[in-house]
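# Observations on chain architecture
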Amino acid sequence: MGSSSVSRFRLLVGSLPVMILVLVARYLLHDVWVIKEVAGFGEIGSVITGVTLILGFMLAGVLADYKESERLPAVLGGALLGLAATLSAALEVKDQDGAWARRRVAVFGGTLVDWLHGKVDDAGLWAAHADISRTITEAEKAGIGTHYVGRLLTVNGELFSTLNRVAVIRNTSFIQSGYVLMAFLVGVLQISLAVVSFPSTAMSWVAPSVLSLAYAYLLLLVRDLDNPFGHGENDGAGSGADVDITPVHNAVAVLAG
C-alpha cells in the first residue's frame, strides 16, 4: 500500500481510538457497574442536532477555501512556465542566450516545491522569489522590449499574489472559536453515546459505534481540510485532503529538462 493510500485512511485510523473509548466506557457503565436508564437515545437528539449544525457550518467554511486552493497549483505552475518562456523569447529576439534566465526560474521552482513540502520556510521562499525580480531587471538591462517587461511584471505579480494566498491558507486556521465549540460538542456527544440506553441489545452497540466513529472522523476531517497545503505534515507523508500540486512538479520538471 502506497503512502497516498495510507494517508486516505489516516483520519479513519485516528478516529478508531475514540470509538473504542466510547465502547469501553459503555461496557463499564452498563455491564460492569450496571448503571441503567441514565438517558434514552431520543433524549440526546438536541445534542446530535447541535453537533451536526456546527460541523456543517465549519465544513462549509473550510470547503470554500479548499475549492479555491484546488486551482492555485495550476496558477503557480503556469506562472513559472510563463516567466521562463517569456524571458527566453525576449532574450532570443535580441540574439542573446536565454538559458541563464530559464535556470534562475528553475531554481526558484525547486525552492517553491520544497516550500510546499515544508522543507523551506516562508522567509526562504520570499528570498528565492526576490531573485525573480532581479532576473527581470537584468533582462531589461540586456535590452529586451518593453512589452516583454510588462508581460513579465504581470506574470510575476500574479505569481506573488498566488504565493501570498497559499501562505495565508497554510498559516491561518478557520475561526478558532468555532473549533473550540465544535470539539466541545463532539466531546459531549461522545459522552452521551457512552451513557444512553437503547431498546435493543444490538443497537446499543451498533449505534454508538457508528455515531462515535462518524463524528470523530468529521471533526478530524474539518481540521484536515483547513490546511489543503499540508504536504509536509505527518513526517512528509502529507494527507489525503491535500490538494494536488502536480502542476507545480510538472512545471519544475519541464524547466529542469
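Worth saying up front: this structure is predicted, and the values here are computed from it rather than measured. (Residues numbered from 1 in each chain as written. Predicted model: local features only at pLDDT ≥ 70, side-chain atom pairs only at ≥ 80, totals over all residues. Heavy atoms only, no water.)

A few words now on the pattern of salt bridges. Tallied over the full model, the rule gives 7 salt bridges. Note that arginine 165 is salt-bridged to glutamate 68, the shortest N-O span being 2.9 Å. With arginine 165 in helix H7 (residues 146-171) and glutamate 68 in helix H3 (residues 45-69), the pair connects residues that are 97 residues apart, well separated along the chain. Judged by its relative accessible area of 24%, glutamate 68 is partly exposed. Where arginine 104 meets aspartate 131, a salt bridge forms, and the shortest distance between an N and an O atom there is 2.8 Å. Note that arginine 104 is positioned in helix H5 (residues 99-116) and aspartate 131 in helix H6 (residues 122-141), a separation of 27 residues in sequence. One salt-bridge network, in which partners are shared between bridges, spans Arg104, Asp131, Arg134 and Glu138. (Salt bridge = Lys/Arg side-chain N within 4 Å of Asp/Glu carboxyl O. Helix = DSSP H or I, 4+ residues; strand = E, 2+ residues; numbered from the N terminus. Buried < 20%, exposed > 50% of the residue type's maximum accessible area, 1.4 Å probe, protein only.)

Below, the discussion takes up the confidence of the model for the chain. In this model, the chain carries a mean pLDDT of 88, and residues with pLDDT of at least 70 account for 96%. When mean pLDDT is compared element by element in the chain, H5 scores highest at 96, while helix H1 (residues 3-8) scores lowest at 54. (pLDDT = per-residue confidence, 0-100.)

Moving on, we get to helix H2 (residues 10-32). In this model, H2 (23 residues) spans 33 Å end to end at C-alpha, consistent with the 33 Å of a helix rising 1.5 Å per residue. Here H2 has its buried residues at Leu11, Ser15, Met19, Val22, Leu23, Arg26, Leu29 and His30. Residues of H2 that are buried in the fold lie against helix H8 (176-195), strand E2 (196-197) and helix H9 (203-225). A positive backbone phi angle near 50° is found at valine 34, which sits one or two residues after H2. (Expected span 1.5 Å × (residues − 1). Contact = heavy atoms within 4.5 Å.)

Moving on, we come to the environment of aspartate 235. Within the element layout of this structure, aspartate 235 appears in the loop between H9 and helix H10 (246-256). Overall, the relative accessible area of 85% leaves aspartate 235 in the exposed class. Considered as a pair, aspartate 235 and histidine 30 are 205 residues apart in the sequence and their alpha carbons are 41 Å apart.

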